[in-house]
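Summary of the model geometry
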Amino acid sequence: QDLLWWGCTKAEKFLVGSTVRKWALKEAMDHVHYEDENTRYVDIGPVNKVLNMLCCYLEDPDSLAFKKHLPRIKDYLWVAEDGMKMQGYNGSQLWDTTFAIQALAATGLAEAELADCMKKAHAYVDATQVRDNAPKMHKYYRHVSKGAWPF
């Protein structure tokens, strides 16, 4: 591995501006745009959000892709009474709901007193299930997601 990285650092000066580098950058941006579009510009986490938005800005600061990132910043950053906050993940609502359902079911009250609550929870769990696989999933190294649930 050290030999590979040594070779890459020596070859880098020959690759700047080359066809190979241009192809690699285009391919990398293709993957960035794919993730952006499939997550509606929320991306899979705050680190990807920042990196993808920066890539889109560097590609073209006036691009539609960069502009679509801007309103989604609020999904991760906000100002609270004690300063700016950053969320570590874009949501665990389904995870939280399923744990709450299990706890309520364990009380034995799920069928009587909590029947309406359980029906609503079931509807939410059903609505959040992934209905389709991501388009072109093999090209972008994605696994089958149809039938799964998000975090």
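As shown above, the structure is provided for reference.
About the criteria used
Residues numbered from 1 in each chain as written. Predicted model: local features only at pLDDT ≥ 70, side-chain atom pairs only at ≥ 80, totals over all residues. Heavy atoms only, no water. Helix = DSSP H or I, 4+ residues; strand = E, 2+ residues; numbered from the N terminus. Rg over C-alpha atoms; globule rule 2.2 N^0.38 Å. Patch = residues over 30% accessible without salt bridge, like charges linked within 9 Å, V, L, I, M, F, W, Y side chains within 5 Å. Areas by Shrake-Rupley, 256 points an atom, 1.4 Å probe, with all protein chains shown as cover. Salt bridge = Lys/Arg side-chain N within 4 Å of Asp/Glu carboxyl O. Pairing = 2+ DSSP bridges. Core = buried A, V, L, I, M, F, W, Y, C linked by side-chain atoms within 4.5 Å. Buried < 20%, exposed > 50% of the residue type's maximum accessible area, 1.4 Å probe, protein only. Contact = heavy atoms within 4.5 Å. Expected span 1.5 Å × (residues − 1). Phe/Tyr/Trp six-rings, centres within 6.5 Å; stacked < 30°, edge-to-face > 60°. Axes fitted to C-alpha atoms, helices over the stretch in contact; angles between N-to-C directions. Left-handed = near helix turned anticlockwise from the far one by under 90°. Nonpolar A, V, L, I, M, F, W, Y, C, P; charged D, E, K, R; others polar.

Along the backbone of the protein chain there are 6 helices and 2 strands. Helices (α) and strands (β) of the protein chain occur, in sequence order from the N terminus, as α-α-α-α-β-β-α-α. Taken against the 2.2 N^0.38 rule, which gives 15 Å for 151 residues, the C-alpha radius of gyration of the protein chain at 22 Å runs more than 25% over that of a compact globule. With the principal axes as the frame, the protein chain shows a C-alpha extent of 75 × 40 × 35 Å.

Moving on to a nonpolar patch on the surface. Taken together, Tyr89, Trp95, Phe99 and Phe151 make up a surface patch of nonpolar side chains, about 420 Å² in accessible area. Tracing the chain through its elements places Trp95 in helix α5 (residues 93–106).

A word on the pairing of strand β1 (residues 77–80). Taken together, the 4 bridges between β1 and strand β2 (residues 83–86) define a ladder with antiparallel strand orientation. Looking across to β2, one finds that Val79 is bridged to Met84.

This part takes up the nonpolar core. In terms of nonpolar packing, the biggest core is built from 7 residues, these being Met29, Val32, Tyr41, Met53, Cys56, Ala65 and Phe66. For Ala65, the contacting residues outside a window of four places in its chain are His33, Tyr41 and Cys56.

With 14 residues, α5 should cover 20 Å at 1.5 Å per step; its first-to-last C-alpha distance of 20 Å lies within 8% of that length. Remark: Gly108 follows α5 within two positions and exhibits a positive phi of approximately 85 degrees.

Positive phi is not limited to glycine here, since Tyr41 has a value of about 70 degrees. One can find Tyr41 in the loop between α2 (19–38) and α3 (46–59). Given the relative accessible area of 8%, Tyr41 is considered buried. Although it is not a glycine, Lys136 sits at a positive phi angle of roughly 50 degrees. The topology assignment puts Lys136 in the segment after α6 (115–128). Residue classification places Lys136 among the exposed residues on the basis of a relative accessible area of 58%.

A few words on the packing of aromatic side chains. For the coordinates displayed, the defined rule picks out 3 aromatic pairs. Judged by centre distance (3.8 Å) and plane angle (10 degrees), the ring pair of Tyr34 and Tyr140 falls under stacked. Separated by 106 residues along the polypeptide, Tyr34 in helix α2 and Tyr140 in the segment after α6 bring together distant segments of the chain. As far as the burial class goes, Tyr34 and Tyr140 line up, both buried.

Attention now moves to the pattern of salt bridges. Applying the stated rule across the entire model yields 5 salt bridges. As a salt-bridge pair, Arg131 and Asp126 come within 3.4 Å of each other at their nearest N and O atoms. For Arg131, a relative accessible area of 43% gives the class partly exposed. On the basis of relative accessible area, Asp126 is assigned to the partly exposed category, the value being 38%.

Turning our eyes to something else, we now look at the environment of Ala100. With respect to the element layout, Ala100 can be found in helix α5. C-alpha of Ala100 to C-alpha of Thr39: the two residues are 61 residues apart in sequence and 26 Å apart in space.

Where α5 contacts α6, the axes come no closer than 10 Å and their chain directions differ by 145 degrees. As for the relative orientation of α5 and α6, their crossing is left-handed in sense. Across the interface between the two elements, Gln93, Leu94, Thr97, Thr98, Ile101, Leu104 and Ala105 from α5 touch Cys117, Met118, Ala121, Tyr124, Val125 and Thr128 from α6. Broken down by class, the residue content of the contact of α5 with α6 amounts to 9 nonpolar, 4 polar and no charged.

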